[in-house]
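Structural overview for review
So the chains spell out like this:
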Amino acid sequence: MMEVVLIAIAATLGNLLIGWDSSTIAGGVTYIKQEFDLEKDPTLEGLIVSMSFITGTVVTIFSGTISDMVGRRPMLITSSVMFIISGLVMLWAPNVIIILLSRIISGVAIALAVTFNPLYISEIAPPDIRGQLNTLTQFACSGGMFLAYILVFSMSLLPSPSWRIMLSIISIPSVAYFLLAVFYLPESPRWLVSKGRIHEAEKVLQRLRRVEDVSGELALLAEGLSPGGEDIAIEEYVVAPASEILINQEAGKDYIKLYGPNEGVTMIAQPVNGQGSMLSRSMLSQHGSYPSRSMLSQQGSFASQAAASLKDPIVNLFGSLHESTLIDNGGSRSMLINKSNSIFSMGDPEASPFGTSDNLRAPLMSFQGGADRGFGSKDMLGMTSNSSLVHGNDVETPRNRDIGGGWQLVYKSTDDAMGGKREVQRVYLHADPSAAAVSQSPHVSFVSTSGYDLDGGEAFQAAGIVSRSVLGTSDALTIPEAAVKGPKWKALLEPGVKRALIVGIGLQILQQAAGINGFLYYAPQILEQAGVGDLLSNLGLSSLSASFLVTIITTFCMLPCIAIAIRLMDVAGRRSIMLYTIPILIVCLLLLVLKQFFQLSAILDAAISAISVIVYESVFCMGLGVIPNIICAEIFPTSVRGICISLTSLTYWVCTLAVTLTFPYLLQLLGLSGVFSLFVGGCIISWIFVYLKVPETKGMPLEVIIEFFAIGAKPGTDPSEIGIKD
């Protein structure tokens, strides 16, 4: 994972520049007001701070469509160039007009970095660590704020601080960002696949994953260009040794063969439906247990629970998957991932693509040892094991079916009873270890590249998301023509995309309703009004310098909190972190409100204000500060991801602009306690929205997340039967 981690860190340098910009303008605006006598003109003061947001709002309208046309990497390069120019213009700024021009340029830079850094990282990261890598963006942003406030505080101690130098130093790290973006960062492999540039995508994936066989992920990216339609459904399977299912002739042909590296040993995934259902239940009963429903609906009827409450069925659909995940006692890696990674290996070398007697395609995964394990030198496609899977704009059916996060990409085919036409279906298969029933057979073992062994006598439950594949009868994954030409706006009207937009836009609105930008851009003034100068008067600092010092402490405290979030993002999950951190924000805001009604000493009043601000900003960065952008980068289809990201980012900029423009007036009209009361209401609404509408997306490939939204948003479907074949 080292290469993808280093690339993600390099990309987050743009977020460091965002934090640097926000802190330097927050500190520099005080000196700008003094030099140009803006004390009596709050409108112009607010405009200086918010001009970058106005620009960002306009830029975001077009940036998504442009990104889908030219790629993600050019947007990051453009962002770095704009940061360089904005700093140079600010260094020269002789008047307020030039200051506003610099803020316009920095607005372009910030808009592109905020919008496309999380998107870029999500598209290059493997599912298991995608949340952690995306949380690095918040760590970098807070780190930039911390470093910038140290600079601002140091310069505030000088007799005549230069706000021009303070605001122009950003050009120096921007040059490093530019060089990394141009010479080190690769293009997003998902974008490359969407444009039919398969060979380039393969090279990027090989670099990111440090493996030669990336055929499974290439197939996944191609499948992601065509999310499941009306025929999408969830099926449950029983995975067991082949001998235990095939011994019963009534099992028929309705199963998927899973081949392991040990000669003559196979596993079988048999759907639990109809006649096969009875066989599977009987087989699992012999092993000692059988759960009442599949892993995706194991808690009874998940959607009937939703019907009795206000929860979106999609929340329960995602939740039923994650609630079945058990944590391995040996580490934080889930048993679910361990087992499902270890049961899939190489395919039958004797089988033709769809000519097997059971009429099903086995999932293939590169194995260690190759032909030395007893297989021939040919894979299922009849290709040599070291031959390329890439030919022009087509990707042949891959050997490697591991798509990350414990998921496997399985193919099967069915015959049309009417016309005899063969239809290829893809199955995103996921094992449920909580339903496992372990036999006593110690004789065979499936060894995967992950190093985990699965006893060959073990039977357990699995679930698959089944939908029509883009795989044609020519056995090649062909990039849809519409995807190569570009996204279609009408795709935004699809039920799954609309539901995802509701989640993304709602999170962006409520993130700002919680009041973070009021804290970030006016924290020095808030702390100054709260009497922080009295708290630090014994240090001999001015009131303004004291407020800067407290802000340094605040941003420093953010860093360990974000480090905790990095650790938990792919363990506890995005939804859980938000549900646990928002109440802490409410408590901090209530303290700032309620202290106004008590007669407190100046020192105690300042201490409560400073502690509340520090805790609020630190905890906000763990949850609402970073997770909305992570989720927005995960839940949209590849073909329209740029457009959807633009819509959610546009919402972010409009709301940010509204907060920053109105905050000075609200502060004068309502006072601190009144403004914080509004933020309390925003946090309460945010918690309710997350609880009812936001699903958990940790550890899932992006394409699987998209399928889940398509299932949960199927129109005209009773909530208790969403996409389930049981």
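You'll find the structure just up there.
In this text the structure is predicted, and so the values were computed from the model without any measurement. (Residues numbered from 1 in each chain as written. Predicted model: local features only at pLDDT ≥ 70, side-chain atom pairs only at ≥ 80, totals over all residues. Heavy atoms only, no water.)

**Some remarks on the overall build of the protein chain**
Definition in use: Going along the chain from the N terminus, every DSSP run of H or I of four or more residues is numbered as a helix, and every run of E of two or more is numbered as a strand. Burial classes: relative accessible area under 20% of the type maximum marks a residue as buried, over 50% as exposed, and values in between as partly exposed (1.4 Å probe, protein chains only). Note on contacts: a residue pair is in contact if any heavy atoms of the two residues lie within 4.5 Å. For every accessible area listed, the method is Shrake-Rupley and the probe measures 1.4 Å; residues are considered covered only by the protein chains on display.
Along the protein chain, the regular secondary structure elements total 26 helices and 13 strands. Here the protein chain holds 726 residues, and 62% of them are scored as buried. Residue pairs in contact within the protein chain that sit at least 24 positions apart in sequence constitute 80% of those at least 6 positions apart. Carbon and sulfur atoms form 62% of the exposed surface of the protein chain, whose accessible area is close to 26100 Å².

**Side note on a nonpolar patch on the surface**
Note the following rule: Patch membership needs two things, relative accessible area over 30% and no salt bridge, and members are linked within 9 Å if like-charged or within 5 Å if nonpolar (Val, Leu, Ile, Met, Phe, Trp, Tyr). Any Lys or Arg side-chain nitrogen located within 4 Å of an Asp or Glu carboxyl oxygen qualifies as a salt bridge.
There is a patch of nonpolar side chains on the surface, built from V58, I61, F62, I66, M69 and V70 and spanning about 550 Å² of accessible area. Assignment of secondary structure puts F62 in helix α3 (residues 42-70).

**Some words on the pattern of salt bridges**
In total, this model carries 17 salt bridges according to the counting rule given. The partner of K693 in a salt bridge is D312, and the shortest N-O contact between them spans 3.8 Å. Of this pair, K693 sits in helix α25 (residues 641-693) while D312 sits in the loop between α14 (302-307) and α15 (313-322), placing them 381 residues apart in sequence. A salt bridge links R426 to E707, with the shortest nitrogen-to-oxygen separation between them at 3.3 Å. One end of the pair, R426, is in strand β8 (residues 422-437); the other, E707, is in helix α26 (residues 702-712), with 281 residues separating them in the sequence. Of the two residues, R426 and E707, neither departs from the other in class, the shared state being buried. One salt-bridge network, held together by shared partners, links D68, R72, E123 and R641.

**Details of the packing of aromatic side chains**
Working definition: an aromatic ring pair is given by the centre-to-centre distance plus the angle between the planes. What counts, and what does not: Between rings of Phe, Tyr and Trp, where Trp is taken as its six-membered ring, a pair exists when centres lie within 6.5 Å; planes separated by under 30 degrees are stacked, by over 60 edge-to-face, and by other angles tilted. Only Lys NZ and Arg CZ are tested; either one counts as a charge over a ring when it is within 6 Å of the ring centre and within 35 degrees of the ring normal.
If you walk through the whole model with that rule in mind, you get 10 aromatic pairs. Pairing F318 with F708 gives two aromatic rings, centres 4.8 Å apart and planes at 50 degrees, and the pair type is tilted. Here F708 lies in helix α26 and F318 lies in helix α15, a separation of 390 residues in the sequence. For the residue pair F318 and F708, the accessibility class agrees, reading buried in each case. Ring centres 5.2 Å apart and planes at 80 degrees place the aromatic pair Y652 and W653 in the edge-to-face group. Of the residues examined, W653 reaches a relative accessible area of 0% and is grouped as buried. Three or more aromatic residues joined by ring pairs make a cluster, and in this case those are F318, W407, F708 and F709. For the cation-ring pair, R207 lies above Y184, with the distance from its terminal atom to the ring centre recorded as 4.9 Å.

**A look at the side chain of S142**
Following the sequence through the fold, S142 ends up in helix α6 (residues 130-156). According to the relative accessible area criterion, S142 is buried, its value standing at 0%. In this view, S142 contacts T555, M558, L559, I562 and C621; residues no more than four positions away in its chain are not counted.

**Focus: the packing of helix α5 (residues 96-124) against α6**
Threshold: Axis angles are defined between N-to-C directions and span 0 to 180 degrees, where every axis is a line fitted to C-alpha atoms and, for a helix, only to the segment in contact. Should an angle fall under 35 degrees it is called roughly parallel, over 145 degrees roughly antiparallel, and 65 to 115 degrees roughly perpendicular, with every other angle called oblique. Helix crossings get a hand from a simple test, with the near helix turned counterclockwise from the far one by less than a right angle marking a left-handed crossing and a clockwise turn marking a right-handed one. In this count, Pro and Cys sit with the nonpolar residues alongside Ala, Val, Leu, Ile, Met, Phe, Trp and Tyr, while Asp, Glu, Lys and Arg are called charged and the others, Gly among them, polar.
The contact between α5 and α6 brings their axes to 9 Å, and the two run at 155 degrees. Here α6 runs roughly antiparallel to α5, going by the angle between their axes. Handedness of the crossing formed by α5 with α6: right-handed. On α6, the residues touching N117, P118, I121 and S122 of α5 are R130, L133, N134 and T137. Considering only residue class, the contact of α5 with α6 consists of three nonpolar, four polar and one charged.

**A closer look at the packing of helix α1 (residues 2-11) against helix α10 (residues 198-209)**
Close contact between α1 and α10 brings their axes to 6 Å; oriented N to C, the two are set at 100 degrees. Looking at the two axes, α1 sits roughly perpendicular to α10. Of the residues in α10, those touching α1 at E3, V4 and I7 are R207, L208 and R209. Of the residues contributing to the contact of α1 with α10, the split by class is three nonpolar, no polar and three charged.

**A word on the environment of N117**
Counted only if it meets this: Pairing of N or O atoms within 3.5 Å defines a polar contact, subject to two protein rules: one partner must be a possible hydrogen donor and the other a possible acceptor, and residues neighboring in sequence count only if both atoms are side-chain atoms.
By secondary structure assignment, the location of N117 is in helix α5. Apart from residues no more than four positions distant in its own chain, N117 is found in contact with A11, T12, G14, N15, L76, L112, N134 and Y177. Separated by 2.7 Å, the side chains of N117 and N15 make a polar contact.

Honestly, it's all geometry; don't read function into it.
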